[in-house]
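Residue-level listing of the chains:
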Amino acid sequence: NKDSVVGVYKIKLTYTNNNYIVRYNDALFQITGAPLRIKILNKTVVYGDSINLRSVSYIIESGELVDGYDIELAYSTDAKIGSSVGIYYIYGKIVGETIYDCTIESGFLTITPRELVVTIGDQQKEYGEFVTIDNSLYTISSGKLIGNDNLDVTLSSSVEYDSNVGEYPIYGECQSQNYKCTF
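Small disclaimer: the values here were computed from a predicted structure and weren't measured.

Visitor: Tell me about the overall build of the protein, and name the residues and values.
Guide: Scanning the protein from N- to C-terminus turns up 0 helices and 14 strands. For the protein, the succession of helices and strands along the chain, N to C, is β-β-β-β-β-β-β-β-β-β-β-β-β-β. Radius of gyration (C-alpha) of the protein: 32 Å, far over the 16 Å computed for a compact globule of 183 residues. Projected onto its principal axes, the C-alpha coordinates of the protein cover approximately 120 × 25 × 25 Å. Taken over 183 residues, the protein has a buried fraction of 21%. Once local pairs closer than 6 in sequence are excluded, the contacts in the protein between residues at least 24 apart make up 56%. Counting every atom, the protein has about 13,200 Å² of accessible surface; 48% of that belongs to carbon and sulfur. Seen as two clouds, the 14 positive and the 23 negative side-chain charges of the protein have centres 17 Å apart.

Next comes the structure, spelled out in structure tokens:
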């Protein structure tokens, strides 16, 4: 019947005439799945944020759903909270029985850097002293570090030991791929 699921079924011969001896070979009837090509849609999260795959969805690239027969996918990824910035696969698996012969194309989970605003502290030296820039003189004025992360910041300036008296800018550079720093 039309509600039969994908599978192989025996065909059984029935007869009602007792005047004959009927011998028959078993036959099989196979119902194959309706072809369906599914593409899992990509998702983006910020480094350190929860990875919620319940909001992932898919599109049907070829084939179509048969009336009354939806499809449900369960999603997974190798990424977890705290995974480094990068691109990870999102896998899909059919939940329960289906009438479809599915080809599922993975999507991508992109983890982007967490944004931080870093304020560099003032430093000074006397004319003629060797210039030493203290890389620890900064504060995070907006955003936050995740878990036990440390921010690897390198500070530099164009000031030299014999530079004229005056103010010189100090520049910052963030060395961590998981953070995007604005100084």
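From this point on, the discussion continues.
Visitor: Could you give an account of the packing of aromatic side chains, with specific residues and numbers?
Guide: Counted by the stated rule, this structure contains 3 aromatic pairs. For the pair Tyr89 and Phe108, a centre-to-centre distance of 5.3 Å together with 35° between the ring planes defines the contact as tilted. Note that Tyr89 is positioned in strand 7 (residues 86–94) and Phe108 in strand 9 (residues 107–112), a separation of 19 residues in sequence. For Phe108, a relative accessible area of 33% gives the class partly exposed. One aromatic cluster in this structure is built from Tyr89, Tyr91 and Phe108.

Visitor: Any chance you could break down a nonpolar patch on the surface for me, citing the residues and the numbers?
Guide: On the surface, Leu13, Tyr15, Tyr20, Val22 and Tyr24 cluster together into a nonpolar patch covering about 510 Å² of accessible area. Overall, the relative accessible area of 58% leaves Tyr20 in the exposed class.

The rules behind the values
Residues numbered from 1 in each chain as written. Predicted model: local features only at pLDDT ≥ 70, side-chain atom pairs only at ≥ 80, totals over all residues. Heavy atoms only, no water. Helix = DSSP H or I, 4+ residues; strand = E, 2+ residues; numbered from the N terminus. Rg over C-alpha atoms; globule rule 2.2 N^0.38 Å. Buried < 20%, exposed > 50% of the residue type's maximum accessible area, 1.4 Å probe, protein only. Contact = heavy atoms within 4.5 Å. Areas by Shrake-Rupley, 256 points an atom, 1.4 Å probe, with all protein chains shown as cover. Lys, Arg positive; Asp, Glu negative; His and termini not counted. Charge placed at Lys NZ, Arg CZ, Asp CG, Glu CD. Phe/Tyr/Trp six-rings, centres within 6.5 Å; stacked < 30°, edge-to-face > 60°. Patch = residues over 30% accessible without salt bridge, like charges linked within 9 Å, V, L, I, M, F, W, Y side chains within 5 Å. Salt bridge = Lys/Arg side-chain N within 4 Å of Asp/Glu carboxyl O.

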